[in-house]
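Topology and contacts: notes
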Amino acid sequence: MKCPACFNELKVLQVGNLSVDACQGGCGGIWFDAFELQRVDDAQEEAGERLLDIQRDPRIVVDPARKRDCPRCADIKLKRHFFSAKRQIEVDQCPNCGGYWLDAGELDKIRAEKTETAAQENAPHSISSEMIRYLYRLKIGEQKTM
Ligand SMILES: [Zn+2]
Ligand SMILES: [Zn+2]
């Protein structure tokens, strides 16, 4: 398979029980088949760690404005869209096979965004239980001084 961004030959990278196609020594992008990305997009998923630092050639600069071809499907262009409702990261996805192309550094951003979202979702609970304990201690303290 050829890299859709810089036309280098993609190399198969095995991470855990997942194999992805990475542009190693090229632009550093990664191709994920449908449903593969979901298995490494969470920072808690260790397998993804190895995909954050793909060896790349710094002289290769990719043009994000150029339409890219799906490396799997003939004559299908990848569509650029936001990865999540937070609209911070744009990714390329094939409308035919459902695979994702991530440029170098995009997986890192996706994982960071997920961690951030998870932290925000958990925060109100931990703050309120902390608050209850704090108020409870205040109350105990008051009783002791009385
Ligand atoms: Zn490339
Ligand atoms: Zn495709």
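Preceding block: the structure.
A brief look at the structure comes next. (Residues numbered from 1 in each chain as written. Chains lettered and ligands numbered in written order. Predicted model: local features only at pLDDT ≥ 70, side-chain atom pairs only at ≥ 80, totals over all residues. Heavy atoms only, no water.)

Those protein atoms acting as donors to the zinc ion (ligand 1) are Cys3 (SG), Cys6 (SG), Cys23 (SG) and Cys27 (SG), and they sit at 2.2 to 2.3 Å. The site at the zinc ion (ligand 1) holds four donor atoms, and with the angles between them running 100 to 117°, its shape is tetrahedral. The motif formed by the donor residues of the zinc ion (ligand 1), counted along the single chain, is C-x2-C-x16-C-x3-C. Note that Cys3 is positioned in the segment before β1 (11-15) and Cys27 in the loop between β2 (18-22) and β3 (30-32), a separation of 24 residues in sequence. (Donors = N, O, S within 2.8 Å, 3.2 Å for Na, K, Ca; no water. Tetrahedral: all angles 85-135°; square planar, octahedral: opposite > 155°, others 65-115°. Helix = DSSP H or I, 4+ residues; strand = E, 2+ residues; numbered from the N terminus.)

With respect to the helices, strands and loops of the structure, Asp103 is situated in the loop between β6 (100-102) and α1 (106-145). Overall, the relative accessible area of 12% leaves Asp103 in the buried class. Side-chain polar atoms of Asp103 contact the side chain of Arg68, separated by 3.1 Å. (Buried < 20%, exposed > 50% of the residue type's maximum accessible area, 1.4 Å probe, protein only. Polar contact = N/O pair within 3.5 Å; in protein donor to acceptor, adjacent residues only side chain to side chain.)

With that settled, consider the sheet that holds β1. A sheet is described by the order of its strands in space; here six strands give the open sequence β1-β2-β3-β6-β5-β4, paired in antiparallel fashion. The outermost strands of the open sheet, each flanked by one partner alone, are β1 and β4 (79-82). Averaged over all neighbouring strand pairs, the angle between strand axes comes to 35°, with direction disregarded. (Pairing = 2+ DSSP bridges. Axes fitted to C-alpha atoms, helices over the stretch in contact; angles between N-to-C directions.)

Looking now at the pairing of β1. Where β1 lies against β2, five bridges are found, and the strand directions are antiparallel. Within β2, the position partnered with Gln14 by the bridge is Ser19.

This paragraph deals with the pattern of salt bridges. One pass over the full model with this rule turns up 14 salt bridges. Between Arg111 and Glu49 there is a salt bridge; the shortest N-O distance is 3.0 Å. Of the two residues, Arg111 is situated in helix α1 and Glu49 in the loop between β3 and β4; the sequence distance between them amounts to 62 residues. Among the residues examined, Glu49 registers a relative accessible area of 45% and is labelled partly exposed. Between Arg80 and Asp92 there is a salt bridge, with its nearest N and O atoms 3.1 Å apart. Here Arg80, found in strand β4, pairs with Asp92, found in strand β5 (residues 90-93); they are twelve residues apart in sequence, far enough to count as distant. (Salt bridge = Lys/Arg side-chain N within 4 Å of Asp/Glu carboxyl O.)

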